Amino acid sequence: MNTTYDHAVDEIRINDQLLLRAVSECYVPELHRMVQRNKDKLQHSLDWPQYVKAEDDTRKNVQGNVILHQRGFAKMFLIFEREVLVGVISFNLIEPSNKTGYIGYWLDDESKGKGLLSKALQALIHYHADCGELRRFVIKCRVANEASNQVALRNGFQLEGYLKQAEFLNGEFWDQNIYGRIIEKSL
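Given the structure is predicted, the values throughout are model-derived calculations rather than measurements.

How do you make sense of helix α3 (residues 116–130) when you look at a structure like this?
Because an α-helix completes one turn every 3.6 residues, residues spaced three or four positions apart along the sequence face the same direction. Its 15 residues place the ends of α3 21 Å apart at the C-alpha level, agreeing with the 21 Å of an ideal helix rising 1.5 Å per residue. Burial within α3 is extensive, with 12 of its 15 residues counted as buried. Within the sequence span of α3, burial applies to Leu-116, Leu-117, Ser-118, Ala-120, Leu-121, Gln-122, Ala-123, Leu-124, Ile-125, Tyr-127, His-128 and Ala-129. Among the residues trailing α3, Gly-132 stands out with phi positive, at a value near 85°.

Whenever I open this one, the nonpolar core confuses me. Can you help?
If you look at soluble globular proteins, the nonpolar side chains tend to sit buried side by side. Core analysis: the biggest nonpolar cluster contains 32 residues, and Leu-20, Ile-79, Ile-89, Ile-103, Phe-137, Ile-139 and Phe-157 have the highest contact counts within it. At the level of secondary structure, the elements contributing two or more residues to this core comprise β3 (18–22), β4 (75–81), β5 (84–95), β6 (100–107), α3, β7 (136–142) and α4 (146–154). If one sorts the elements of this core by residue count, α3 sits on top with 9 residues. Non-local contacts of Ile-103, meaning those with residues more than four positions away in its chain, are made with Ile-89, Ser-90, Phe-91, Asn-92, Leu-121, Ile-125, Phe-137, Val-138, Ile-139 and Phe-157. Residues Val-23, Val-66, Met-76 and Phe-80 belong to the second largest nonpolar core, which totals 16 residues.

Please explain the pairing of β7 as it appears in this structure.
Each regular strand carries side chains that alternate between the two faces of the sheet. Among the 7 residues in β7, 5 count as buried, and that is most of the element. Examined bridge by bridge, β6 and β7 share 4 bridges and lie parallel to one another. Looking at β7, one finds that Ile-103 is bridged to Ile-139. A crossover links β6 with its parallel partner β7, the connecting element being α3, and its sense is right-handed. Pairing of β7 with strand β9 (residues 172–182), which is carried by 7 bridges, proceeds in the antiparallel orientation. From the neighbouring strand, Lys-140 faces β9, where its bridge partner is Ile-178.

The rules we used
- Residues numbered from 1 in each chain as written.
- Predicted model: local features only at pLDDT ≥ 70, side-chain atom pairs only at ≥ 80, totals over all residues.
- Heavy atoms only, no water.
- Helix = DSSP H or I, 4+ residues; strand = E, 2+ residues; numbered from the N terminus.
- Expected span 1.5 Å × (residues − 1).
- Buried < 20%, exposed > 50% of the residue type's maximum accessible area, 1.4 Å probe, protein only.
- Core = buried A, V, L, I, M, F, W, Y, C linked by side-chain atoms within 4.5 Å.
- Contact = heavy atoms within 4.5 Å.
- Pairing = 2+ DSSP bridges.
- Right-handed = clockwise from strand over helix to strand, strands pointing away.

Right, dumping it as structure tokens:
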């Protein structure tokens, strides 16, 4: 993979057609439309979509994520295919002292099944491993979320454990799988 990172514009180029861009307020209208288009399906896996009613809700979320991104406590990237917003991939939490990043992701329903998420995930983890910022990558997902479990397994993550009733979603507690992957920086 020939991934490049541009600090000036905060983007990770994966190939000629696919790139990750750091979240920014300029993308709020597009992101809001994508959330609304996918809201019904997203609510089966994530808690926050139910609270996104107006574009201003998306703007507030983006503003918070921009601050976390700039401070290095989290990193939120938007996935673009041929300059069209198709998904989100993020480090929902970064533990700098442990060099660990907890990954979250979702794709526009129309963009699933093309390998875009795997390419984005590989680019994200390899960039942050290569620069030495992170070495351990974690994906936590509901046991019942087959698609997310498959993303972890397809991308070299190992099942490390099972967390009983660790996720509250749609009024119920759900069990989670925890996957990990360690990438040592090349010397």
